[in-house]
Amino acid sequence: MNEPVSLATTMRTHLCGELRESHVGTRVRLGGWVHRRRNLGGLVFVDLRDRFGLVQVSFNPASATGEAMQVAEQLTSEAVVLIEGCVVARPPEGRNAELATGAIEVLAETVKVVGPATTPAIPVARGKGEKLAAEELRLKHRILDLRRSELQANLVMRHRLLQRARKALSDEGFLEVETPILTKPTPEGARDYLVPSRVHPGEFYALPQSPQIYKQLLMVAGFDRYFQIARCFRDEDLRADRQPEFTQIDIEASFVAPDDVQRFVERVLVELWGEAGHDISAPFPRLAWRDAMERFGVDKPDLRFGVEIADVSQAVGEDAAPFIREALGAGGRLRALSVPGAAEASRKEIDGYAAIVKEAKAGGLIWARRTGSGWEGQGVRALGNELLGRLVAKPGELVLAVVGPDHVTSPALHGVRSLAVRRPGIVRLTDHAFCWIVDFPLFETDPVTGIRAFAHHPFTSPHPDDRDRLTTDPDRCRALHYDAVYNGNELGSGSIRITDPAMQAVVFELLGIEAQDQQRRFGFLLDALASGAPPHGGFALGFDRIVMLLAQAPSLRDVIAFPKTTAARALFEGAPTPVSAADLEALHLRSLA
């Protein structure tokens, strides 16, 4: 990797990873970590590492001082050293094609240990085929883990992507504005992290789940276009793909419609994917939420594949199994997937699909395979000849069906589809499938409790065509909300906001927030909207997830410098931790643990 000369300091003239054959004959001073040491009896070879790569340093009595030879023979892994010597070409038989610096080595003259190191708790240098240490052990020794080239490359990419996003938004006229970290508790869909106030006994700040209200206030204040690389905090239950603190690219703009916000976001995403070496184009296709749920069973569909869910309820005949007819009579539907080339699926594979359906709390998987001679499988009798005769399925296809209410069949068939498209032979239509999901419902009703909740957050504007329904039929009211989806991953969410304080009050009431409570919790927002608010809307991109996808990292924890575990613990520093009774008393608190 060629880096600018400005990275030279009084201690080093060059970087380990930048040296090439063009440097042969150059005297260099290097600083780095001992990656590996090999003592061949009179000759010592050291792989020296910095964040730009490795270079081989050789010590022999003909060029190195006697003191340097003694030090080199005692070097330990991960010790930090300063080396001075000359770049020489390696003989042809000694070159290492796997290293960018493999055509040269540094013939050392002097060496100084400036950072002695104890035996590392986990290895940084690994041989071919050698597995990583367990993740919890690596998180406990995160400093050593961060020395791995894979993690360093991820964080370098993270930096580059951040700068590219900043430039793209700045070029669109957005202003970067920082909003408070200590703020007021507001409903954002998860629990707040609360911070007790020492100077105001019994009162608490909250760490922001997002800068939502502040960025709306900036629009009311006339700043027109805002963005922030925002740190956000959510006290959620354990989830493998979430972190309690995370980073989002947060934007808001005035005098915009959904298409305008989506255009801004598309530019950022095109730039970010371009920074990672991928050529993608905009605009992205739009897909209504109801259509996405109908065809893919999820509101973040993976559109790289064409396997879709179909409603086959109307084709059910009198010869279908009683449990199917009973489910349809109760208002359910029979929905199915037809998987090309999967008729040859083994029983173990089909059992895997059935386990997903069971996990989704559906009644069970119904399956039938189409062969050259007809239909086979346990679902033939259940589905009935009348239905099978109407199905459009080619020989070699496997039909996987589930019956029941949509809130059961949708997640069940989404899970089945997600597994089925991994089969060898399933045609991938594209490598990069972006889309917008639009026309979300404004509210969601819990199918068990019947309690209404906001689908995203309570500041989202109803769809203009549905505003009359807000008071007459709120559960059928669509929202001016939109999600960006990539290869089955939600990249972020946004919406056009409510700017009429009267409408905002109605939405609060529908959520069970009474007038007095509205003033207590949101009075500052309602007052701001009443002072003259422009139409505005925005978006938030989950930056950690984007870096993970572009770095092709297996986990969010691999693209965050100091992540938490799925149990929200920071193993390296040992947080959270109990505090003393004196510290609690100063905060006017008492532990009940």
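In this report, the structure presented in the accompanying data block is examined. Everything numeric here is computed off the predicted structure, so don't read it as measured data.

## Describing the layout of surface pockets
There is about 850 Å³ of room inside the second largest pocket. Elements that contribute at least two residues to the lining of the second largest pocket include exactly β1 (27-39), β2 (44-50), β3 (53-59) and α4 (149-171). It is α4 that contributes the most residues to the lining of the second largest pocket, seven residues altogether. Among the residues making up the lining of the second largest pocket, the classes are represented as 10 nonpolar, 10 polar and 14 charged.

## Here we look at a nonpolar patch on the surface
The grouping of I143, F562 and F572 at the surface amounts to a nonpolar patch, some 280 Å² of accessible area in total. Mapped onto the elements of the fold, F572 is located in the loop between α16 (543-551) and α17 (581-586). Judged by its relative accessible area of 40%, F572 is partly exposed.

## Digging into the nonpolar core
In this structure, I251, L269, L272, W273, L491, F539 and L541 are the most contacted members of the largest nonpolar core, which totals 42 residues. Ignoring sequence-local partners within four residues, the contact set of L541 consists of T247, Q248, I249, V265, V268, L269, L491, G492 and I546.

## A word on the pattern of salt bridges
Two side chains that carry opposite charge are able to pair once their charged atoms sit near each other. Under the defined criterion, the tally for this structure stands at 45 salt bridges. Where R295 meets E308, a salt bridge forms, and the shortest distance between an N and an O atom there is 2.9 Å. In this pair, R295 is assigned in helix α7 (residues 289-296) and E308 in the loop between α7 and β12 (309-311), connecting sequence segments 13 residues apart. By relative accessible area, R295 is classed as partly exposed at 26%. R333 is the salt-bridge partner of D311, the closest N and O atoms lying 3.2 Å from each other. Of this pair, D311 sits in strand β12 while R333 sits in strand β13 (residues 333-339), and the two are 22 residues apart along the sequence.

## A closer look at empty space enclosed by the protein
To locate leftover empty space, one rolls a probe as large as a water molecule over the atoms. Summed over all chains, the structure comprises four cavities of 30 Å³ or more. There is about 100 Å³ of room inside the largest cavity. Residue lining of the largest cavity: 13 residues in total, with E236, D237, Q243, P244 and T566 positioned closest to the centre. Classifying every residue of the lining of the largest cavity by side-chain character gives four nonpolar, three polar and six charged.

## Some thoughts on the sheet that holds β12
If you walk across this open sheet you meet the five strands as β12-β13-β16-β14-β15, and the pairing is antiparallel. Lying at the two open borders of the sheet, with one neighbouring strand each, are β12 and β15 (374-376). The mean angle between the axes of side-by-side strands here comes to 30°, regardless of whether they run parallel or antiparallel. Sitting on the sheet, helix α9 (residues 347-359) touches β14 (366-371) and β16 (398-404), and the angle it makes with β16 is about 20°. Sheet strands in contact with helix α12 (residues 406-420) are β12, β13 and β16, and its direction is about 5° off that of β13.

## Describing helix α1 (residues 66-74)
Among all positions of α1, only A68, M69 and A72 are buried. Buried residues of α1, viewed axially, fall in a sector of 100°; they line one side. Among the exposed residues of α1, those pointing more than 90 degrees away from its buried face are G66, E67, Q70 and Q74. Contacts made by the buried residues of α1 are with β1, β2, β3 and β5 (104-115).

The rules behind these values
Residues numbered from 1 in each chain as written. Predicted model: local features only at pLDDT ≥ 70, side-chain atom pairs only at ≥ 80, totals over all residues. Heavy atoms only, no water. 1 Å grid on protein atoms, 1.4 Å probe; cavity = no way out; pocket = protein on both sides within 12 Å on 5 of 7 lines; lining within 4 Å. Points joined across faces, edges and corners; volume = space filled by probe spheres on them. Helix = DSSP H or I, 4+ residues; strand = E, 2+ residues; numbered from the N terminus. Nonpolar A, V, L, I, M, F, W, Y, C, P; charged D, E, K, R; others polar. Patch = residues over 30% accessible without salt bridge, like charges linked within 9 Å, V, L, I, M, F, W, Y side chains within 5 Å. Areas by Shrake-Rupley, 256 points an atom, 1.4 Å probe, with all protein chains shown as cover. Salt bridge = Lys/Arg side-chain N within 4 Å of Asp/Glu carboxyl O. Buried < 20%, exposed > 50% of the residue type's maximum accessible area, 1.4 Å probe, protein only. Core = buried A, V, L, I, M, F, W, Y, C linked by side-chain atoms within 4.5 Å. Contact = heavy atoms within 4.5 Å. Pairing = 2+ DSSP bridges. Axes fitted to C-alpha atoms, helices over the stretch in contact; angles between N-to-C directions. Arc of directions from axis to C-beta.

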